[in-house]
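# Structural overview for review
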Amino acid sequence: MKKWSCLGLAFLLCVYAEGNEPFIKQVTRVSRVTGSPVQGEDLPSPNHTTEKWDVGGTDLGIIWEMQPGMYGIFLGDTYRKAFKPYQAKPNTAESHWRCNVLAFSKDTALEDGLSIDDMCTDTLGHAREIIYGGKDKSGNGDWTSIPTAAIRANGIDYVHYFNMKNWKGWITNYSGMYKSVDGGQTWTKCEHIRWGADSYFGQVGYFKKDRYVYVIGTETGRNSPARLARVKEADIENLEKYEYWNGTEQRWIKGDESKATVIIEDKVGELSFIYNETYQKWFIAYFSADRYNITMRTADFITGPWSEPYELVSGKDYPQLYGSYFHPLSAYGESLYFTMSMWMPYNVYLMKIELGTL
C-alpha cells in the first residue's frame, strides 16, 4: 500500500489502494467505556461503572468472544469510585486497588458505544480481582499482574498476563496464564505454564483461525519487535506443542521459542490483531511510543510481509493514549472497532475505524 496525502482533516489517514485493498477513511471516538464523564465531555457513556461496580479508574479493555453474542473484557489496574482523573498519577492510587477486573458484554451493535452488562464481582457487588497481584511497590517483589490477551480455546477461556516487578524499566518476574471452565465466573492459575522475564512472548495478542490459536508476541515493555507462534486449540496448555515461525527457514519450528524470527521490525507496544473476512486481510494495531500513536499494519498472510506503519490516532489529538484492542466483531464488515486507553483520565474508550476500497 502507498500513502495518499490528505491535508487539514482531523483523524483522517488516507492510503492509496489497488483492487480491494482497504484504506482508512476516518477514525473516531465513539464512546466512553469505563468511569464517569469529565467536565465538558459530550461522549456517550452507557456503563456507569463507577456507581455500578466501583470501577472509577481503569485501563486496557482486552476483548474476546466467549461464545456467540457474549464477550469478555479484561481491564487492568483498577481503582474505586473515589478515583479522581487528572488529580494524580493513576498508579499512585491506593483506594480499593485491584490489579485487574473482568466485564461481560452482550452488545453487538457498536455504532453508539460498547455496553457492559455485568462484571465479576465480590459479595459487595464490586468488581473483583481475577489474576492475583501482590501490590508490592518496593520494586523487588510482586507489584501487579496485567492481562495482555484472552481467548476461548477448546471450550475454555484463557487469559495471558505478565507479573510486574518494577514499572521503572518495565521489569517483570514472569508471564503466565489463568483459565476459566465456567464462562468466566471463576479462574484458576495454570501453574505449569510460564514464560520467563526475557521471553519473546511476555506480552501477546491472540486470534483463532483454522483450528489454531495464533500468537503474536513481544518482550514485555514497548521496545521490542514482534514474533509469531501458533498452537492447536486443544494444546494451548502444552508449551512443548507451540510452533514458532522462523522466517529464515520459512517453516514452523516446534517447542523452541528462540527460533522465532521477527515478523514486524518495530518497537511494538501492547497489541491486538484480527483476520477480517470482508477484506481477507490480517490487521494489527499497537501502541508506538516512538511515534506517539496507535499504529496499524496489514498483511495477506499472518507470516507477513506486513505493510508499512499507518497512524490510526495520534497522542497529539488524544494525549497519553495507549492500548489498542480490537473487538472480535471487527473480523467482519467494513468497519473495525477497538478500545483505547488514556493515562491521566485513566479510562477506556471505544474507537471506530471506517474502511473503504478504491
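Worth saying up front: this structure is predicted, and the values here are computed from it rather than measured.

Cut-offs applied
Residues numbered from 1 in each chain as written. Predicted model: local features only at pLDDT ≥ 70, side-chain atom pairs only at ≥ 80, totals over all residues. Heavy atoms only, no water. Pairing = 2+ DSSP bridges. Helix = DSSP H or I, 4+ residues; strand = E, 2+ residues; numbered from the N terminus. Axes fitted to C-alpha atoms, helices over the stretch in contact; angles between N-to-C directions. Phe/Tyr/Trp six-rings, centres within 6.5 Å; stacked < 30°, edge-to-face > 60°. Buried < 20%, exposed > 50% of the residue type's maximum accessible area, 1.4 Å probe, protein only. Lys NZ or Arg CZ within 6 Å of the ring centre and 35° of its normal. pLDDT = per-residue confidence, 0-100. Contact = heavy atoms within 4.5 Å. Salt bridge = Lys/Arg side-chain N within 4 Å of Asp/Glu carboxyl O. Disulfide = S-S within 2.5 Å.

## Quick word on the sheet that holds strand E3 (residues 22-32)
Spatial ordering of the open sheet is given by E3-E24-E23-E22, a layout of four strands whose pairing is antiparallel. The two strands at the open ends of the sheet, each matched to only one other strand, are E3 and strand E22 (321-326). Averaged over neighbouring strand pairs, the angle between their axes works out to 30 degrees when direction is ignored. By the bridge criterion, nine bridges tie E3 to strand E24 (residues 347-357) in an arrangement that is antiparallel. Counted as the bridge partner of arginine 32 is tyrosine 349 from E24.

## Examining the sheet that holds strand E9 (residues 156-166)
Strand order in the open sheet formed by four strands is E8-E9-E10-E11, and the pairing between neighbours is antiparallel. Either end of the sheet is taken by a strand with one partner, and the two such strands are strand E8 (144-153) and strand E11 (188-196). Sheet twist, expressed as the mean angle between neighbouring strand axes with direction ignored, is 25 degrees. Taken together, the five bridges between strand E10 (residues 171-180) and E11 define a ladder with antiparallel strand orientation. When the bridges of E11 are listed, lysine 179 appears paired with threonine 188.

## Topic: the packing of aromatic side chains
Here the structure, examined in full by the defined rule, presents 24 aromatic pairs. Relative to tyrosine 214, the ring of tyrosine 212 lies with its centre 6.1 Å away and its plane at 45 degrees, an arrangement referred to as tilted. Assigned by exposure class, tyrosine 212 and tyrosine 214 land together as buried. Through a chain of ring-to-ring contacts, three or more aromatic side chains come together here, namely Phe207, Tyr212, Tyr214, Trp245, Trp252, Phe273, Tyr275 and Trp282. A cation over an aromatic ring shows up here: lysine 209 above the ring of tyrosine 275, its NZ or CZ 4.6 Å from the ring centre.

## Observations concerning the pairing of strand E19 (residues 281-288)
Within E19, eight of the eight residues are buried, which leaves the element mostly enclosed by the surrounding structure. Side chains of E19 alternate between two faces, with Lys281, Phe283, Ala285 and Phe287 and Trp282, Ile284, Tyr286 and Ser288 buried alike. Across six bridges, strand E18 (residues 271-276) lies against E19 in antiparallel orientation. Note on E19: the bridge partner recorded for asparagine 276 is lysine 281.

## Digging into the confidence of the model for the protein
Residue-level pLDDT values for the protein average 93, and 94% of them are 70 or greater. Every residue in residues 1-19 is under pLDDT 50, and counting partners more than four places away or in other chains gives 39 contacts.

## Some thoughts on the pattern of salt bridges
This structure, assessed with the given rule, holds 15 salt bridges. Of the charged contacts, one joins aspartate 266 and arginine 291 as a salt bridge, the two residues approaching to 2.5 Å between their closest N and O atoms. Taken together, the residues span a long stretch of sequence, with aspartate 266 in strand E17 (residues 262-268) and arginine 291 in the loop between E19 and strand E20 (293-299) at a distance of 25 residues. Several salt bridges share partner residues, and in doing so they unite Asp266, Arg291 and Arg297 into one network.

## Overview of the state of the cysteines
Enumeration over the complete set of coordinates arrives at zero disulfides. Cysteine cysteine 120 is unpaired, with the sulfur of cysteine 99 as its nearest cysteine sulfur at 16 Å.

## Observations regarding unusual backbone geometry
The omega angle of the peptide bond from glycine 304 to proline 305 is 5 degrees, so this bond is cis rather than trans. With respect to the secondary-structure elements, proline 305 resides in the loop between E20 and strand E21 (310-314). The phi torsion at tryptophan 170 lies on the positive side, around 50 degrees, for a residue other than glycine. Position of tryptophan 170 among the secondary structure elements: in the loop between E9 and E10. With phi around 50 degrees, glutamine 280 is a residue other than glycine that occupies positive phi space. The topology assignment puts glutamine 280 in the loop between E18 and E19. On the basis of relative accessibility, which here comes to 53%, the residue glutamine 280 falls in the exposed class.

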